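Chain by chain, the residues:
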Amino acid sequence: MLKKIENLLNEIKSFDSKDLNKIEEFRIKFLAKKGIINNLFSDFKNVPNEQKKLVGQKINELKNLAIEKVNNLKSKISSNNKFAEKIDLTLPGDSIKIGSRHPLSIVRNQIIDIFNRLGFTISEGPEIEDDYHVFSALNFPDEHPARDMQDTFFIEKNPDVLLRTHTSSVQVRTMENQKPPIRTISPGRVFRNEAISARAHCIFHQIEGLYIDKNVSFADLKQTLLYFAKEMFGKNTRIRLRPSYFPFTEPSAEMDISCNLCGGKGCNVCKYTGWVEILGCGMVDPNVLKSNNIDANEFTGFAFGMGIERITMLKYGIKDLRLFFENDIRFLEQFKSAY
Ligand code: PHE
């Protein structure tokens, strides 16, 4: 009997399995009601008295060892399982969502960057303005229909308060505070009372530039804008200037670039002309210099102004201006940039 127990002890010690079914079989074999160990207890009465103590101890040892074995093997499996259920270390990590810059901010920063390289500073000013800075100081005569060119949101009549319709008002403020040479661009939000459509909005963004110094000529204006166009839309971009009218510039022009989407061959964006308009410009009207206490005999200057929405739409082939204001994440996510 002792020999038999000894063998069983060895069998229990050497048993190992990760299979729950095998462990259960093992448990039934040793620990069930009709299992080996209970059978040993039943046989116990046949053990000669002098061996009873030793055999009793051995059977108990066997029982404890079997219970311990089953518990150990089961807990090993379940702790492995728990781990596996919660974390699969082989899965790739969840990427952290990072935001992207708004396309208008990307393009604004690109434009600023290009003019920075030409030595232009950045100036900013208030969105809520007065008539003087938006119109009078820019050679818009009182009650002149030219003011209707820009559908103004008037807030109050007396004293006059209105929302700026262009950032030229910032340049008036720059001229008030700074002596020439002045070389500055003013990015910012502007407001016009226009119906909202795919091509127009009552709020949009501009960058206007002003350069005043001795001997500034139309050639300087043209060269500056050609450089800008090539940097913004690619080396092969060509420009074309068409005569136009603005109260604050004389002569005035509107600038087209060769259509960046079809390369000038003609498409529905350029309406098969090969050209798209991107900005207004001209030589600063001497009246503007005078009303800002700059000697028009000593100094000349050029100015230009463009809508950031328009540049962005051309650059990325965006067809509807309203997309910029809807903040639809599916639209915004498409613009990843270093700017
Ligand atoms: N201020 C003009 C506008 O908003 C643009 C412009 C600026 C035109 C400077 C000529 C010179 O339409």
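This one's a predicted model, so the numbers in the text were calculated from it and none came from an experiment.

**A closer look at the site of the ligand**
- Around the ligand there are 14 residues in total, and H166, S168, R192, Q206 and E208 lie nearest to it.
- H166 places a polar side-chain atom, nitrogen or oxygen, 3.0 Å from a nitrogen atom of the ligand.
- Contact between the ligand and E208: a nitrogen atom at 2.7 Å from a side-chain N or O atom of the residue.
- Its free accessible area being 320 Å², the ligand has 92% of it covered by the protein chains.
- Across the shell around the ligand, the residue classes tally to five nonpolar, seven polar and two charged.

**Some words on the packing of helix α5 (residues 103-117) against helix α10 (residues 308-316)**
- It is at 9 Å that the axes of α5 and α10 come closest, and there the two elements cross at 100°. Between α5 and α10, the interaxial angle falls into the category roughly perpendicular. Across the interface between the two elements, P103, L104, I106, V107, R108, Q110 and I111 from α5 touch I308, E309, I311, T312, K315 and Y316 from α10.
- Its residues assigned to classes, the contact of α5 with α10 comprises eight nonpolar, two polar and three charged.

**Some points on helix α8 (residues 218-233)**
- The end-to-end C-alpha distance of α8, which contains 16 residues, comes to 22 Å, matching closely the 22 Å that a straight helix rising 1.5 Å per residue would cover.
- Taken together, the buried positions of α8 are L221, T224, L225, F228, A229, M232 and F233. Buried residues in α8, looked at end-on, bunch into an arc of 135°, giving them a common side. Opposite the buried face of α8, at more than 90 degrees from it, the exposed residues are A219 and Q223.
- Elements that come into contact with the buried residues of α8 comprise α5, β7 (239-246), β8 (249-258), β9 (275-284), β10 (300-307) and α10.
- Looking one or two places after α8, you find G234, whose phi comes out positive at around 110°.

**A few points about the packing of α5 against α8**
- Remark: α5 packs on α8, axes separated minimally by 10 Å, with the N-to-C direction vectors making an angle of 135°. When the axis of α5 is compared with that of α8, the two are oblique. Here the hand of the crossing between α5 and α8 comes out right-handed. Between α5 and α8, the residues in contact are V107, Q110, I111, I114, F115 and R117 and T224, Y227, F228, E231 and M232, respectively.
- For the contact of α5 with α8, the per-class residue count stands at seven nonpolar, two polar and two charged.

**So, the domain arrangement of the protein**
- Along its sequence, the protein is organised into domain 1 (2-87) and domain 2 (103-335).
- A C-alpha centroid distance of 89 Å is found between domain 1 and domain 2.

Here is what the cut-offs are and how they apply
Residues numbered from 1 in each chain as written. Predicted model: local features only at pLDDT ≥ 70, side-chain atom pairs only at ≥ 80, totals over all residues. Heavy atoms only, no water. Near = heavy atom within 4 Å. Polar contact = N/O pair within 3.5 Å; in protein donor to acceptor, adjacent residues only side chain to side chain. Areas by Shrake-Rupley, 256 points an atom, 1.4 Å probe, with all protein chains shown as cover. Nonpolar A, V, L, I, M, F, W, Y, C, P; charged D, E, K, R; others polar. Axes fitted to C-alpha atoms, helices over the stretch in contact; angles between N-to-C directions. Helix = DSSP H or I, 4+ residues; strand = E, 2+ residues; numbered from the N terminus. Parallel < 35°, antiparallel > 145°, perpendicular 65-115°, else oblique. Contact = heavy atoms within 4.5 Å. Expected span 1.5 Å × (residues − 1). Buried < 20%, exposed > 50% of the residue type's maximum accessible area, 1.4 Å probe, protein only. Arc of directions from axis to C-beta. Left-handed = near helix turned anticlockwise from the far one by under 90°. Domains from an automatic or database assignment.

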